[in-house]
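# Structure at a glance
For reference, the chains in residue letters:
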Amino acid sequence: LREITNAGTFVNAENCTYVGLVGGAIPNASKGFMLRWGKIPLNNRQLVIVEELSGLSLEAISNLSEVRSSGFARLDKGGLSSETYARTRLIFLSNVRGRNRTLASYISGVKAIQDLIGQGEDISRFDLICTLTDREVSADVINAPRSDKSFDILEADAFKLLVRFIWSLKPEQVEITKEAYLECLTQTKRIAKIYHPSIPLFKAGSGRLKIARIACAIACFQFNWNGKKIMVEPSHMLAATTLLQELYDKPSCGYRHYSEQMYHRETIDNEAALDAEVKACLTGGKH
């Protein structure tokens, strides 16, 4: 993606720190400090791909949350205080955290996401989370011979132009119709009832924003342009929710199965029997 778009940079988190990603105050020759911004703010409005996210500590990942959500990098250290834009598109790639472990070793892949990212609020800030096991894509597909028609340079150039056009859009050039807005709210309430918030890949409070962002991306990718604006319609909201559910329901993620288990734990199957047991414990068997 970085080569096709010809924008952004690639970072290996195993050889990088929070200072390298966001910035920090570093000592200079005069025994003072100088401010140095990291990869994310330096690539404002571009793309940063972070490989091996597991190389960062849970604390460092948590510290990245403000930058990811606000679009600003702020530093207040060593007597220096500053902020700058960090509206950077971020892609994180990683194996699971911990040696000699694989995603397939987890009963629910969503637990691996929790171990990797840590805090629930940090997990919920990801627009899309996609899991993948070794056997999910067959060796025949990976090692299939490339035909002469499998790669079209004209298609690659068209994709590059489309991406640059999308990245140049101003907020007022993207319009969500009223029908799409209402559909977004409807789908948010529907999905929030399916997935349990204990590992918040999807939250009722902020899910509408996640669906809306993905829907806008789909509308842009389809070039739903009326001559002045990209129009986001109800069909784009439905496509966004379909994509989310397909990713969540994959066996390697297991978010739906995990949620069903959690909701079952919170459900009283036989309220009368429970009431009788509680009364027996409190009264010593005498009602």
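Because the structure is a prediction, the values reported are computed rather than measured.

Quick look at the nonpolar core now. If you look at the biggest cluster of nonpolar residues, it comprises 53 residues, and the most contacted ones within it are Leu-21, Leu-56, Ile-117, Leu-201, Ile-211, Met-237 and Tyr-255. Here this core gets 8 residues from one element, more than from any other, and that element is helix H11 (residues 207-221). In contact with Ile-117, not counting residues within four places along its chain, are Leu-53, Leu-58, Ile-61, Asp-122, Ile-123 and Phe-126. With 5 residues, the next largest nonpolar core counts Ala-7, Leu-47, Ile-49 and Val-163 among its residues.

Looking now at the pairing of strand S1 (residues 9-12). Burial along S1 is one-sided: the face carrying Thr-9 and Val-11 is buried and the face carrying Phe-10 and Asn-12 is not. Pairing of S1 with strand S4 (residues 47-51), which is carried by 4 bridges, proceeds in the parallel orientation. Considered in S4, the bridge of Asn-12 is made with Glu-51.

The next thing to look at is the sheet that holds strand S7 (residues 89-92). Spatial strand order, S1-S4-S7: 3 strands in an open sheet with parallel pairing. Only two strands of the sheet have a single neighbouring strand rather than two, namely S1 and S7. Averaged over all pairs of adjacent strands, the angle between their axes in this sheet comes to 20 degrees, without regard to strand direction. Sheet topology note: the S4/S7 ladder contains 4 bridges and is parallel. Residue pairing across strands places Ile-49 opposite Ile-91, the latter belonging to S7.

With that out of the way, let us pick up the packing of aromatic side chains. This structure, assessed with the given rule, holds 9 aromatic pairs. With 6.2 Å between their ring centres and 70 degrees between their planes, Phe-159 and Phe-221 make a pair best called edge-to-face. With Phe-159 in helix H9 (residues 153-167) and Phe-221 in helix H11, the pair connects residues that are 62 residues apart, well separated along the chain. Taking relative accessible area as the criterion, Phe-221 reaches 53% and is therefore assigned exposed. Measuring from ring centre to ring centre gives 5.2 Å for Tyr-248 and Tyr-255, while their planes differ by 90 degrees; the resulting arrangement is edge-to-face. Classification of Tyr-248 as buried rests on a relative accessible area of 2%. Through successive ring pairs, a cluster of aromatic residues spans Phe-165, Phe-223 and Trp-225. For Arg-87, the ring lying beneath its charged end belongs to Tyr-85, and the centroid distance is 3.9 Å.

Moving on: H11. Between the first and last C-alpha of H11 there are 21 Å, a value that for 15 residues agrees with the 21 Å anticipated at 1.5 Å per step. Buried residues of H11: Gly-207, Lys-210, Ile-211, Ala-212, Ile-214, Ala-215, Cys-216, Ile-218, Ala-219 and Cys-220, and no others. Positive phi appears at Phe-223, one or two residues downstream of H11, with a value of about 50 degrees.

A few words now on the side chain of Ser-65. Its place among the elements puts Ser-65 in helix H5 (residues 65-70). Excluding anything up to four places from it in sequence, Ser-65 contacts Asp-122 and Arg-125.

Running from amino to carboxyl end, H11 crosses helix H12 (residues 234-249) at an angle of 110 degrees, the nearest separation of the two axes being 8 Å. One finds that H11 runs roughly perpendicular with respect to H12. The way H11 lies across H12 gives a crossing that is right-handed. Two secondary-structure elements touch here, H11 through Lys-210, Ile-211, Ala-212, Ile-214, Ala-215, Ile-218 and Ala-219 and H12 through His-236, Met-237, Ala-239, Ala-240, Thr-241, Leu-243, Leu-244 and Tyr-248. Counted by class, the contact of H11 with H12 contains 12 nonpolar, 2 polar and 1 charged residues.

Time to look at the pattern of salt bridges. This model, assessed by the stated rule, comprises 8 salt bridges. The salt bridge partner of Arg-74 is Glu-83, with a shortest N-O separation of 3.1 Å. The class of Arg-74 is partly exposed, set by a relative accessible area of 37%. Judged by its relative accessible area of 45%, Glu-83 is partly exposed. Residue Arg-125 is joined to Asp-122 by a salt bridge in which the shortest nitrogen-to-oxygen separation is 4.0 Å. Of the residues examined, Arg-125 reaches a relative accessible area of 35% and is grouped as partly exposed.

Here the focus is the environment of Asn-100. When you line up the elements, Asn-100 lands in the loop between S7 and helix H6 (109-117). Asn-100 sits in the exposed class, given a relative accessible area of 84%.

Cut-offs applied
Sequence order as written defines the numbering, with residues in each chain counted from 1. The predicted origin of the model limits local features to residues at a pLDDT of at least 70 and limits the giving and counting of side-chain atom pairs to 80 or more, whereas totals for whole chains, interfaces and linings rest on all residues. Excluding hydrogens and water, the side-chain values take into account all heavy atoms of the structure. For our purposes a nonpolar core is just a set of buried Ala, Val, Leu, Ile, Met, Phe, Trp, Tyr and Cys residues, chained together by side-chain atoms within 4.5 Å. Classification of residues uses two cut-offs on accessible area relative to the type maximum, computed with a 1.4 Å probe and protein chains only: under 20% is buried, over 50% is exposed, and between them is partly exposed. Segments assigned H or I by DSSP are reported as helices when at least four residues long, segments assigned E as strands when at least two residues long, and all are numbered from the N terminus. Whether two residues are in contact is decided by their heavy atoms, any of which lying within 4.5 Å being enough. Pairing between strands requires that DSSP locate at least two bridges from one strand to the other. Orientation is described by axes fitted as lines to C-alpha atoms, over the contacting stretch for helices, and by angles from 0 to 180 degrees between their N-to-C directions. For Phe, Tyr and Trp, rings pair up if their centres lie within 6.5 Å, where Trp contributes its six-membered ring, and each pair is then called stacked (planes under 30 degrees apart), edge-to-face (over 60) or tilted (otherwise). The rule for a charge over a ring is simple: NZ of Lys or CZ of Arg within 6 Å of the ring centre, and within 35 degrees of the ring normal. Given a helix with a known number of residues, its expected span is that number minus one, times 1.5 Å. For classification purposes, an angle smaller than 35 degrees is called roughly parallel, one larger than 145 roughly antiparallel, one from 65 to 115 roughly perpendicular, and anything else oblique. If you view the pair so one helix is near and one far, a crossing is left-handed when the near helix is turned anticlockwise from the far one by less than a right angle, and right-handed when it is turned clockwise. Throughout this entry, Asp, Glu, Lys and Arg are counted as charged residues, while Ala, Val, Leu, Ile, Met, Phe, Trp, Tyr, Cys and Pro are counted as nonpolar. The remaining residues, Gly among them, count as polar. Take a side-chain nitrogen of Lys or Arg and a carboxyl oxygen of Asp or Glu: if they are within 4 Å of each other, that pair is a salt bridge.

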